[in-house]
Amino acid sequence: MTIRTSSTAAVLARAAAMAGYAPSVHNTQPWRWTIRPDRMELTAVRSRQLPAIDPDGRLLMISCGAALHHARTALTAAGWDYTVDRLPVPDQPDLLAVLTPTVHREPDAAAARLVQTVELRHTDRRPVSDTQLPEATLTQVVAAAEAEGIACGLLTGEHVFDLAAAASRADAVEKADPEIQDELTYWIGRHDRLGIPPGTLTGEQPATTVPVRDFGQPGALPSGPGHDRAARYAVLFGASDEPSCWLRAGEALSAAWLTATRLGASVLPLSAVIEVPVTRTALRRAIDDLGWPFLVLRIGIADPDHPGAAHPPRLPIAQIVDLEEVRHLLGRD
Ligand SMILES: Cc1cc2nc3c(=O)[nH]c(=O)nc-3n(C[C@H](O)[C@H](O)[C@H](O)COP(=O)(O)O)c2cc1C
């Protein structure tokens, strides 16, 4: 059944606005939504792809996948069943997904609880506290990712040290690459609602088991006394290293992160180790060659005694949502 009503257009527009809060690499927000009377389309914005660290578009696709999951969650919370066509047109690789609402049911309480976390979720780069993450929390976060069809493997023992070694090597490779350093500088402290504000970066590079990304300039956020000892590390991975899997990995990232936020846990994506080919291969060995790694997640309990990170700004809705075709419908709402 296809639905074409003014209220459908309004629900789709609200879902697209909600998707604007999704996490994205360097806060590039590389997505655009087109709202049509009966569906919404997600398109990649290649001009905001990062050519130095993301020449393949892997991180762009993961970011867009996170936005797709945000929109899906908003539709479910509003009571809509929908179909999702991912990469529906082979010769239009930037048309990433089409969401088409089908049947309206009761609003979904579990999705509504996740929607409440959308504006709370944020990237916290401080070391996590020494409070152990409850196993039940970890289990739910992993299950949320895996429900999106992407494996989420927890690293234990020596594999965490393998990750730490790979992350150090990735850091060294990226520091020695002037194009990567220029790109990083370009995306920090901008004034156009894109990129990473210094208020979300720590004042000094935190002492952690697995190095977090060094953004090359001190931020305004106190690091706090933690050392990350209680942090857990997970790898999102899949059967093949291609755009359809990267999009799914983004959906898994969003599902895991919103679930973690609901349960009071903090997630930090670590992608440098994925960006550098040699460390991506090393990470593949750390997950016993079970698949292709897409993203590392540090999971823990944020330090409660220190101020949290600021929220990076987002682009205005008008820049990420095209309402041209439904404006007449929205006017009647
Ligand atoms: C694919 C992807 C990779 C990311 N990699 C890193 C990373 O390596 N280090 C980091 O500190 N943050 C990383 N982030 C977090 C983004 O910088 C963050 O989502 C963005 O700045 C928006 O901030 P917010 O998550 O607080 O809304 C990554 C996010 C995504 C989606």
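Located above this text is the structure these notes cover.
Residues numbered from 1 in each chain as written. Predicted model: local features only at pLDDT ≥ 70, side-chain atom pairs only at ≥ 80, totals over all residues. Heavy atoms only, no water.

Caption draft 1: How the structure looks around the pattern of salt bridges. The full count for this structure, using the stated rule, is 22 salt bridges. Put simply, Arg 232 and Glu 135 hold a salt bridge, and the shortest N to O gap is 3.1 Å. Of this pair, Arg 232 sits in strand β6 (residues 232–238) while Glu 135 sits in helix α4 (residues 135–146); the two residues are 97 residues apart in sequence, bridging distant segments of the chain. Close ionic contact of Arg 213 with Glu 275 constitutes a salt bridge, the shortest N to O distance being 2.5 Å. Taken together, the residues span a long stretch of sequence, with Arg 213 in the loop between α6 (178–186) and β6 and Glu 275 in helix α8 (residues 272–275) at a distance of 62 residues. For the residue pair Arg 213 and Glu 275, the accessibility class agrees, reading buried in each case. Each of Arg 36, Asp 38, Arg 39, Glu 41 and Glu 325 takes part in a single network of salt bridges with overlapping partners. (Salt bridge = Lys/Arg side-chain N within 4 Å of Asp/Glu carboxyl O. Helix = DSSP H or I, 4+ residues; strand = E, 2+ residues; numbered from the N terminus. Buried < 20%, exposed > 50% of the residue type's maximum accessible area, 1.4 Å probe, protein only.)

Caption draft 2: Molecular detail of the environment of Trp 292. Turning to its location among the elements, Trp 292 is positioned in strand β8 (residues 292–300). Here Trp 292 falls in the partly exposed class, since its relative accessible area comes to 33%. Between the alpha carbons of Trp 292 and Thr 281 there is a distance of 8.5 Å; along the sequence they are 11 residues apart. Not counting residues within four places of it along the chain, the set of residues in contact with Trp 292 comprises Leu 236, Phe 237, Gly 238, Ala 239, Ser 240, Asp 241 and Arg 284. (Contact = heavy atoms within 4.5 Å.)

Caption draft 3: Geometry of helix α2 (residues 58–77). Over its 20 residues, α2 extends 29 Å from the first C-alpha to the last, a length consistent with the 28 Å expected when each residue adds 1.5 Å. Counting buried residues in α2 gives 19 out of 20 residues, a clear majority hidden from the surface. (Expected span 1.5 Å × (residues − 1).)

Caption draft 4: Here's a closer look at the environment of Thr 123. Within the fold, Thr 123 resides in the loop between α3 (109–117) and α4. Spatially, the C-alpha atoms of Thr 123 and Ser 266 are 7.9 Å apart, while their sequence positions differ by 143 residues.

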